[in-house]
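Structural overview
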Amino acid sequence: MGGGLSGLTAGIALAQAGKDVALVSAGQSMMHFMGGSLDLLGSDPSGNDVYKPLEAIATLNSKHPYTKIEDVSRLAGVAKQVLERVGLATTGDTTVNHWRITPIGGLMPTWLTVQGMATVADPDQMPWHSVTLVNIINFLDFPTKMIAAGLRDRGVQVDVKAVTLPELQVLRQSPTEMRSTNIAKVIERNDLIMKLADEINAQVGKGCDMVMLPSVLGIASGDKASQLLRLINVQAAYLDTLPPTLPGVRMQAMLRKHFTALGGTFITGDQVTGGVWEGDELKGVTTAKLEGDVLKAKHFVLATGSLASRGIVADYNHMYEPALGVDIDDLGLDRTTWAKLDVTEAQPYMEVGVATDAKLRCQRNGKTVANLYAAGSILSGHNSVKLLDGAGVDMLTALQVANNILNQ
Amino acid sequence: MTTQTQTQNVSVNNFEQCLKCSICTVYCPVSAVTPLYPGPKQAGPDGERYRLKSKDFFDEKALKMCLNCKRCEVACPNDVHIGDIIQAARIKYSTHRPSLRDMMLANTDLVGTMASPFAAIANPVLKLKPMKAVLHGVMGIDKHRTFPDYSSRKFESWFKKEAAPTQDQYSKHVSYFHGCYVNYNYPQLGKDFVKVMNAVGYGVHLLEKEKCCGVALIANGMPKQARRQGEVNMQSMRKAIGQGHVVLTTSSTCTFTMRDEYAHLLGIDNHDVRGSISLATRFLHQLIEKGEIKLAFSSDYHKRVAYHSACHMERMGWVSYSTRLLKMIPGIDFVMLESQCCGISGTYGFKKENYERSQAIGDSLFQSIKEAAPDCVATDCETCKWQIEMSTGVPVENPISIIAEALDVEKTVEINK
Ligand SMILES: Cc1cc2nc3c(=O)[nH]c(=O)nc-3n(C[C@H](O)[C@H](O)[C@H](O)COP(=O)(O)OP(=O)(O)OC[C@H]3O[C@@H](n4cnc5c(N)ncnc54)[C@H](O)[C@@H]3O)c2cc1C
Ligand code: SF4
Ligand code: SF4
């Protein structure tokens, strides 16, 4: 249940092992907001950057989902392999974090980055002397001033330029649709890569040792994105844009494609509405679109996401898990304790999620459900915005759940 | 009280649930190929806020470009009925009278009735260059289009003569809504359906009165006529359901229109009928799951089949019924195509102003079909069939026809006794 990063990772691992897997997902996932980097642990609970993620993970408190992973280092390696197998080569590993450049010009520690994106090995030592930042004219999801300011703060010389092509100016007629994904479709469909490369090359001055571009290419695969980089006269790389983010959209498409190629059934645009229970065991789930039909299975994985994806829902008085009604680790009824007024503070509601035992199995009315597991951002006990551990928790818990099922 | 305020305050088509994430934009086939289209978010929930203030914000030319494919709705994480918002706005605000061409394209059954007796003349004539030039120039029907052939014998006529007399011998019964396409253009699909249903022990019956489901009327700005026809269909179906029949179809679009668009767009009360309208593949899958029927396939059947998820099939969430059914055929080498719009969208792609856009939308689907190199493409929608056959040359079949072809009828009859 849930077709985001965690649901698809679990689905792929189980289908790969020969299981018959059906995946139900209501709408698209948070991957559309995720840039080209996957985080394992970027920040410790006191807010310091993490350099060596494995060491920092060992010190996390017992509520954190990583404490339910048998071997973080090994599964992190498997996660990297899964991405590679679907066609997403990444740089990075668990020994040491590298830094990604955020769409607003900051640097953040991260674990894996899709190849072709700009990364920095050491935040105190920027690898470039003179960067040319080239935007597409009228593309608003790439705030060049902020990015340039961020880079200049770190001693890099930055030239901001912008290019366009007639086909892209036509796109601009509908200002709200001048988005990374539509730009990609226009460029790729009309074979404009060479022309775009010419325009970009014309902007690159002497002494420039790095060209940075918004991530606006490569919707179904990364081929076109790499092709453009090869055509630029100096070293070049992409930066994340504001959402919808292309590397995330691509990741979603490629994971899904791989899952169906392995024989998995992807049921899209449908929503799990309830469980069919026999004692403490889940026999099947019902959905909105399959009406009376029950999806029966031996094992179930709940990966319907956090509050943002309605995997957890809040009303005025409660927070709850709406699909199956399993127990959550909540914050009690006093709503005033759910959030902090200062938005930059760690928000308590971010840690709300479903309760699980050591094997990542869900609980219902206080009792463990033997064949229902949870994975990904629906789990309680961590704050992905503060700890920078989003994709790591998703992929590692998904792989652990797959292992727990296969070892049963 | 507070909870009530929260749970009962639901806006029409969920438009207030939109959180402006733009995910719908990523999946809209039209905004991908033309900047003139404002895109689902702008045409849908955003535009609706303005239209509610004043109808002057209604931009008919822009909204007409929407295919009503509902891919935006499938993608939306917040269940905003974007396509419904757009189509409802067209129905509510349009003051335009449909052109002769649109009326012709929309009245699939009327045109079919006229063409069928003259199929021998109509088919070759519709293929002639001068005729196409006339259609293109005068009528605005694109000259590149190949028209679906009209059959010389309507499905209904075949059924009455060849099938109806034997249907009462079965102990279980279903009603069949065949749709215009089976009736006028491709009776073979209807025959295949009868063959499969009979083999598993079900007698097939036609509805007392069947009218075109009206999907093309809705798309071409004729909601009143669509409503009238819809009411007739609902009446006939109520009768059939009263006799204990479910009403089955072999078209995802007819099914979707009668189950969902009738209530959402036309205001037809179908709540008592909706649950009994189903797609044949879904019905068969359900019976197999329940252990009520079995299918036996001939051992020498081999085919590489690529499945294309039609837009309305995807929106209904029923793709898996058809694909899992096809995968049951031992001789099938199954390929799942990446789900995307083929670009035809019923009558949309027939109009000359839409032709290029329509082909551009389908382009990557055609590419992936060529790469998969299947013996045939399977899909549950008839208009996808025209578009894909015309654009790739690969034959397209409804899953029911593939099952009929692969079925070992004798054995199936035997094991279902
Ligand atoms: C703005 C933003 C930026 C981020 N950037 C990064 C980043 O750069 N790097 C990083 O590592 N992490 C990042 N994260 C975190 C990361 O994206 C998430 O942790 C991850 O995508 C969550 O994956 P998931 O599969 O658990 O859930 P989701 O992606 O939320 O997927 C859940 C799916 O389940 C579906 N669903 C919900 N209810 C039901 C139901 N009842 N039945 C069926 N389906 C249902 C939803 O529609 C959705 O498709 C970011 C998150 C956000 C919000
Ligand atoms: S996907 Fe849904 S929530 Fe997001 S912008 Fe579109 S309509 Fe709004
Ligand atoms: S229904 Fe289809 S064409 Fe219309 S806005 Fe939605 S995705 Fe675009």
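Small disclaimer: the values here were computed from a predicted structure and weren't measured.

This brings us to the overall build of chain A. The helix and strand tally for chain A stands at 11 helices and 22 strands. Whereas a compact globule of 408 residues would reach a radius of gyration of roughly 22 Å, chain A reaches 22 Å, a difference of no more than 12%. For the C-alpha atoms alone, the extent of chain A along its principal axes is close to 70 × 45 × 40 Å. Across the 408 residues that make up chain A, the buried fraction comes to 55%. Residue pairs in contact within chain A that sit at least 24 positions apart in sequence constitute 67% of those at least 6 positions apart. With the model as given, the accessible surface of chain A reaches about 16,500 Å², and the carbon-plus-sulfur share is 51%. Across chain A, the mean location of the 35 positive side-chain charges is 4 Å away from that of the 41 negative side-chain charges.

Another aspect to go through is the packing of helix α1 (residues 5-16) of chain A against helix α11 (residues 390-406) of chain A. The relative placement of two packed helices comes down to the angle between their axes together with the axis-to-axis distance. Residue and element names in this part refer to chain A. Where α1 meets α11, the closest approach of the two axes is 8 Å, and the angle between their N-to-C directions is 35°. The chirality of how α1 crosses α11 is right-handed. Across the interface between the two elements, L5, S6, T9, A10, A13 and L14 from α1 touch A391, D394, M395, A398, L399, A402, I405 and L406 from α11. Here the contact of α1 with α11 is composed, by residue class, of 11 nonpolar, 2 polar and 1 charged.

This part takes up the sheet that holds strand β7 (residues 376-378) of chain B. All names here are of chain B. Pairing in this open sheet of 4 strands is parallel, and the strands run β6-β5-β7-β8 from one edge to the other. Of all strands in the sheet, those with a lone pairing partner are β6 (332-336) and β8 (396-397), marking the two edges. Pairing of β7 with β8, which is carried by 2 bridges, proceeds in the parallel orientation. The residue bridging V377 from the neighbouring strand is V396, located in β8.

Residues and elements named next belong to chain B. Taken as a whole, chain B is organised into domain 1 (3-93) and domain 2 (303-409). Its C-alpha centre places domain 1 at a distance of 27 Å from the equivalent point of domain 2. The interface of domain 1 with domain 2 comprises 15 residues on the first partner and 15 residues on the second. With both chains or domains summed, domain 1 and domain 2 bury close to 1,200 Å², and 60% of this area falls on carbon and sulfur atoms. Counting the surface domain 1 buries against domain 2, the share from its top three residues, V33, L67 and R71, is 47%. Put simply, domain 1 and domain 2 have 1 salt bridge between them.

Take the site of ligand 3 next. In the neighbourhood of ligand 3, the contacting residues comprise C28(B), P29(B), V30(B), Y37(B), P40(B), C66(B), L67(B), N68(B), C69(B), K70(B), C72(B) and I86(B). Grouping the amino acids of the shell around ligand 3 by side-chain chemistry returns 10 nonpolar, 1 polar and 1 charged.

A separate point is the environment of A197(A). Residues and elements named next belong to chain A. Within the secondary structure layout, A197 lies in helix α7 (residues 193-203). Separated by 33 residues in the primary sequence, A197 and R230 place their C-alpha atoms 9.1 Å from one another. Look past the residues within four positions of A197 in its chain and what remains in contact with it is L228, L231 and I232.

Another aspect to go through is the domain arrangement of chain A. All names here are of chain A. Splitting chain A by domain gives domain 1 (5-92 + 249-406) and domain 2 (118-239). Counting residues at the interface gives 5 residues for domain 1 and 10 residues for domain 2. Inspection of the region where domain 1 meets domain 2 yields 0 salt bridges. Our count for the domain 1 to domain 2 interface comes out at 2 residue pairs in polar contact (both at pLDDT 80 or more). A per-class count over the side of domain 1 that touches domain 2 returns 4 nonpolar, no polar and 1 charged.

Right, let's talk about the interface of chain B and chain A for a bit. In this complex, chain B contributes 43 residues to the contact, which on the side of chain A involves 38 residues. A buried area of about 3,500 Å², summed over both sides, lies between chain B and chain A, and 46% of it is on carbon and sulfur atoms. There are 4 salt bridges connecting chain B and chain A. A salt bridge links E291(A) to R259(B), with the shortest nitrogen-to-oxygen separation between them at 2.2 Å. Connecting chain B to chain A are 17 residue pairs in polar contact (both at pLDDT 80 or more). Across the side of chain B that touches chain A, the residue classes break down as 20 nonpolar, 13 polar and 10 charged.

All names here are of chain B. Within helix α22 (residues 382-392), 9 of the 11 residues are buried, which leaves the element mostly enclosed by the surrounding structure. All of the buried residues in α22 are E382, T383, C384, K385, W386, Q387, I388, S391 and T392. Those residues of α22 hidden inside the fold are in contact with α13 (179-185), α17 (252-264), α21 (355-372), β7 and β8. Following α22 by one or two positions, G393 adopts a phi angle in the positive range, close to 75°.

Next up on the list: the pairing of strand β11 (residues 236-239) of chain A. Burial along β11(A) is two-sided: the residues A236(A) and Y238(A) and A237(A) and L239(A) are all buried. With respect to chirality, the unit in which strand β10 (residues 210-214) of chain A leads through helix α8 (residues 223-231) of chain A into the neighbouring parallel β11(A) is right-handed.

The omega torsion of the bond from P243(A) to P244(A) falls at -5°, within 30 degrees of zero and hence cis. One non-glycine residue, N138(A), lies in the positive phi region at around 75°. Mapped onto the elements of the fold, N138(A) is located in the loop between β8 (130-136) and α4 (144-153). With a phi angle near 55°, N13(B) is a residue other than glycine that sits in the positive phi range.

Once that is clear, we can look at the sheet that holds strand β5 (residues 107-110) of chain A. Residue and element names in this part refer to chain A. As summarised here, the arrangement of the 3 strands in space is β5-β4-β7, forming an open sheet in which the pairing is antiparallel. Where the open sheet ends on each side, the last strands, each with one partner, are β5 and β7 (119-120). Where strand β4 (residues 98-101) meets β7, 2 bridges bridge the pair, whose relative direction is antiparallel. From the neighbouring strand, R100 faces β7, where its bridge partner is T119.

With that settled, consider the confidence of the model for chain B. With 87% of its residues at a pLDDT of at least 70, chain B reaches an overall mean of 89. Listed scores for the predicted complex are pTM 0.92 and ipTM 0.91.

Another aspect to go through is the environment of Q359(B). Residue and element names in this part refer to chain B. Within the fold, Q359 resides in helix α21. Take Q359: its relative accessible area is 16%, and that puts it in the buried class. Placed 20 residues apart in sequence, Q359 and S339 show a C-alpha to C-alpha distance of 16 Å. Polar side-chain contacts of Q359 include one of 3.0 Å to the side chain of Q387.

It is worth spelling out the nonpolar core at this point. Proteins that are soluble and globular tend to have nonpolar side chains buried together. Residues L38(A), M212(A), L228(A), L324(A), L372(A), L396(A) and F193(B) are the most contacted members of the largest nonpolar core, which totals 186 residues. It is α11(A) that provides the largest number of residues to this core, a total of 9 residues. Dropping the residues within four chain positions of it, F193(B) is found in contact with V174(B), Y176(B), V204(B), L248(B), T250(B), A280(B) and I400(B). In terms of nonpolar packing, the next biggest core, distinct from the first, is built from 26 residues, C18(B), I86(B), C311(B) and Y348(B) among them.

As a further point, take the pairing of strand β5 (residues 303-307) of chain B. Residues and elements named next belong to chain B. The pairing of β5 with β6 spans 5 bridges and is parallel. Bridging across to β6, R304 finds its partner in D333. Here β5 runs beside β7; their pairing, made up of 3 bridges, is parallel. When the bridges of β7 are listed, V305 appears paired with C376.

Cut-offs and rules
The numbers attached to residues start from 1 for each chain and follow its sequence in the written order. Going through the entries in the order they are written, you letter the chains from A and number the ligands from 1. Totals for whole chains, interfaces and linings use every residue, but because this is a predicted model, local features are given only for residues with pLDDT of at least 70 and side-chain atom pairs only at 80 or more, for both listing and counting. Side-chain metrics rest on all non-hydrogen atoms present in the structure, leaving aside hydrogens and water. Only runs of H or I of at least four residues qualify as helices and only runs of E of at least two qualify as strands under DSSP, and these elements are numbered from the N terminus. With the radius of gyration taken over C-alpha atoms, the globule rule is written as 2.2 Å times the number of residues to the power 0.38. Relative accessibility decides the category of a residue: with a 1.4 Å probe and only protein chains considered, values under 20% of the type maximum give buried, values over 50% give exposed, and everything between is partly exposed. Contact definition: two residues touch when any of their heavy atoms are within 4.5 Å. For the accessible areas, the method is Shrake-Rupley and the probe is 1.4 Å, while residue cover comes only from the protein chains on display. Counting rule applied: Lys, Arg positive; Asp, Glu negative; His and chain ends not counted. We put the charge of a Lys on NZ, of an Arg on CZ, of an Asp on CG and of a Glu on CD. Here the axes come from fitting lines to C-alpha atoms, over the contacting stretch only for helices, and the angles between their N-to-C directions go from 0 to 180 degrees. Definitions for this section: a left-handed crossing has its near helix turned counterclockwise from the far helix by less than a right angle. A right-handed crossing has that turn clockwise. Gly counts as polar in this scheme, as do all residues outside two lists: the nonpolar Ala, Val, Leu, Ile, Met, Phe, Trp, Tyr, Cys and Pro, and the charged Asp, Glu, Lys and Arg. One bridge is not enough; two strands pair if DSSP finds at least two bridges between them. Domain boundaries shown here were taken from an automatic or database domain assignment. Note on definitions: buried area is the accessible-area loss of two parts on being combined, 1.4 Å probe, summed for both. Salt bridges, as used here, are contacts in which a Lys or Arg side-chain nitrogen is within 4 Å of a carboxyl oxygen on Asp or Glu. By convention in these notes, a residue is near a molecule or strand provided one of its non-hydrogen atoms lies within 4 Å of it. Throughout this description, a polar contact denotes any pair of N or O atoms lying within 3.5 Å of each other; where both atoms belong to protein, one of them has to be capable of donating a hydrogen while the other can accept it, and for residues adjacent in sequence the pair is counted only when both atoms sit in side chains. Note on handedness: a clockwise path from strand one over the helix to strand two, with the strands aimed away from the viewer, defines a right-handed crossover. What pLDDT reports is the predictor's confidence in each residue, on a scale of 0 through 100. Residue types Ala, Val, Leu, Ile, Met, Phe, Trp, Tyr and Cys, when buried and joined through side-chain atoms within 4.5 Å, form a set referred to as a nonpolar core.

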